[in-house]
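A structural walkthrough
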Amino acid sequence: MAVEVIIPAVGESITEVVIGRWLKAEGDPVQVDEPLAEIETDKVTFELPAPVAGVLATIKAQPGETLAVGAVAAMVEEGAGAAAAPAAPPQPAASEAPTAEPEVADDRRISPAAKRLLAEHGLDAAQVPSSGPGDRLLKEDVLAYLEAGSATPDATPAEPAPVRAAPPAAAAPVVAPAENGAEGDLVPLSPLRRRVAERLVQASSEMAMLTTFNEADMTAVMGLRRQWQDTFVSKYGIKLGFMSFFVKAVIEALKTVPGVNAEWRGDSILYHQRYDIGVAIGGGRGLVVPVIRNADRLSFAEVEQTIADFAQRAQSGALQLEELSGGTFTISNGGVYGSLLSTPIINPPQCGILGLHAIQDRPVAREGQVVIRPMMYLALSYDHRLVDGREAVTFLRRIKEVIEDPARLFLEV
């Protein structure tokens with residue numbers, strides 16, 4: 001009996017998903033709950049499991065195709081697992097068999113966007129060097145290969161046609177020559193990028209967003225890190241970074257100015273009594289903001305371990321949906337990419353976000369003398385409907401005080 005493989009509901013705000021890649025081919029035996037495909041949403045990537053044991057009889061959606069929650073992605077013939085193994089080898093004898101070769105020519109992980117570009121230009125994945133984690137082939141790798149002139153994007157459409165039977169019809173309009181004869185690549189938005197765009201527009205259109213700035217002398221924090229780094233690593237197995245200091249400093253500032261730890265609810269304001277701090281992390285699929293739950297109850301080591309775990313799983317797309325929602329405030333560290341100053345955009349429905357920037361040695365005045373100190377610019381973007389300028393300035397000054405004198409964290413002063 002054929003059993004439908006249904007796209008499950010993965011979150012109340014998610015109505016559609018994109019097929020990333022199939023982990024099984026038609027005719028392959030499968031076990032109950034064995035992953036059949038990778039599914040991408042606007043927040044996370046998850047695996048589509050087999051509902052029963054048997055054989056994957058039919059694949060109804062190709063990589064890159066968008067399906068609604070509840071749609072049928074494939075069919076599994078129940079109870080035919082034992083007979084499935086010998087059923088697969090005869091397939092190469094069919095005239096259609098060569099069409100599958102480019103899909104499996106390279107056993108590396110290939111991102112959906114990279115697959116689309118490979119199909120559009122008639123490339124074999126084995127031709128393109130990969131740079132992603134775990135030897136994953138990314139869209140940027142394919143674009144770099146094309147820009148280097150190693151591919152022939154102006155090849156006649158007849159060449160790639162026998163490689164992919166189904167995609168060419170949908171991919172045909174993707175590459176269109178401009179009036180001056182140059183060609184450009186029209187690449188569909190990933191669910192994550194589409195969601196990011198929606199949130200940015202939402203924040204800009206629905207909030208009275210304003211940014212205020214300050215700077216912090218990082219001398220004390222850097223000194224503590226140098227003094228205790230070896231001991232910290234030997235005890236906890238992880239390095240003492242800057243983020244744990246800023247997470248703790250933000251919590252102190254939120255306690256001082258509760259209005260920044262709030263959100264707009266219709267005609268009311270919800271003041272949160274919890275400190276769930278989102279940390280912006282650049283993942284393999286784009287920027288994600290996993291949330292450190294009850295950060296006020298965690299030690300420095302626990303904060304560092306949580307962030308390191310988030311960063312590792314963000315690269316592999318293994319973050320869970322519930323880990324990316326429910327934050328009350330966000331920290332974004334553009335300094336790791338060299339950013340000196342920026343105006344971060346709020347992550348709705350939160351009303352504030354702290355932007356951290358690169359540490360630079362700059363001349364500053366101390367006790368009537370000009371000295372060189374490691375300085376960092378701090379930027380607080382806030383919803384002016386909920387937070388006044390005085391409160392925003394007070395919030396940043398509190399962070400500055402704690403960072404420049406970390407003993408305050410332990411003395412609670």
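Residues numbered from 1 in each chain as written. Predicted model: local features only at pLDDT ≥ 70, side-chain atom pairs only at ≥ 80, totals over all residues. Heavy atoms only, no water.

Turning to the packing of aromatic side chains, a few remarks are in order. Applying the stated criterion across every chain yields a total of 4 aromatic pairs. A ring pair is formed by Phe 232 and Tyr 236, whose centres lie 4.9 Å apart and whose planes are at 50°; its orientation type is tilted. Residue Phe 232 and its partner Tyr 236 are both found in helix 7 (residues 219–236); the two are separated by 4 residues, about one turn of the helix. Under the relative-accessibility criterion, Phe 232 is labelled buried at 11%. Here Phe 245 and Phe 300 contribute two aromatic rings whose centre-to-centre distance is 5.1 Å and whose plane-to-plane angle is 70°, an arrangement assigned as edge-to-face. Of this pair, Phe 245 sits in helix 8 (residues 243–256) while Phe 300 sits in helix 9 (residues 300–316), and the two are 55 residues apart along the sequence. Look at Phe 300 and you get buried, because its relative accessible area is 15%. Taken together, the aromatic side chains of Phe 245, Phe 300 and Phe 410 make up a single cluster linked through ring pairs. Positioned over the ring face of Tyr 275 is Lys 255, at 5.9 Å from the centre of the ring. (Phe/Tyr/Trp six-rings, centres within 6.5 Å; stacked < 30°, edge-to-face > 60°. Helix = DSSP H or I, 4+ residues; strand = E, 2+ residues; numbered from the N terminus. Buried < 20%, exposed > 50% of the residue type's maximum accessible area, 1.4 Å probe, protein only. Lys NZ or Arg CZ within 6 Å of the ring centre and 35° of its normal.)

Attention now moves to the pattern of salt bridges. In total, this model carries 14 salt bridges according to the counting rule given. Among the ionic pairs, Arg 313 bridges to Glu 323, the shortest N-O distance being 2.7 Å. Taken together, the residues span a long stretch of sequence, with Arg 313 in helix 9 and Glu 323 in the loop between helix 9 and strand 18 (329–333) at a distance of 10 residues. Given a relative accessible area of 18%, Arg 313 falls into the buried group. Overall, the relative accessible area of 18% leaves Glu 323 in the buried class. Between Lys 400 and Glu 404 there is a salt bridge, with its nearest N and O atoms 2.9 Å apart. (Salt bridge = Lys/Arg side-chain N within 4 Å of Asp/Glu carboxyl O.)

The predicted model of the protein chain averages 81 in pLDDT, with 79% of residues at 70 or higher. Confidence drops under pLDDT 50 across residues 150–181; counting only partners more than four residues distant or on other chains, this segment forms 33 contacts. (pLDDT = per-residue confidence, 0-100. Contact = heavy atoms within 4.5 Å.)

This paragraph deals with the pairing of strand 12 (residues 262–265). Note that strand 12 and strand 13 (residues 268–271) share 4 bridges and pair antiparallel. Looking at the pairing, Trp 264 lines up with Ile 269 of strand 13. Hairpin connection of strand 12 to strand 13: 2 residues between the antiparallel strands, including Gly 266 at a positive phi of 65°. (Pairing = 2+ DSSP bridges.)

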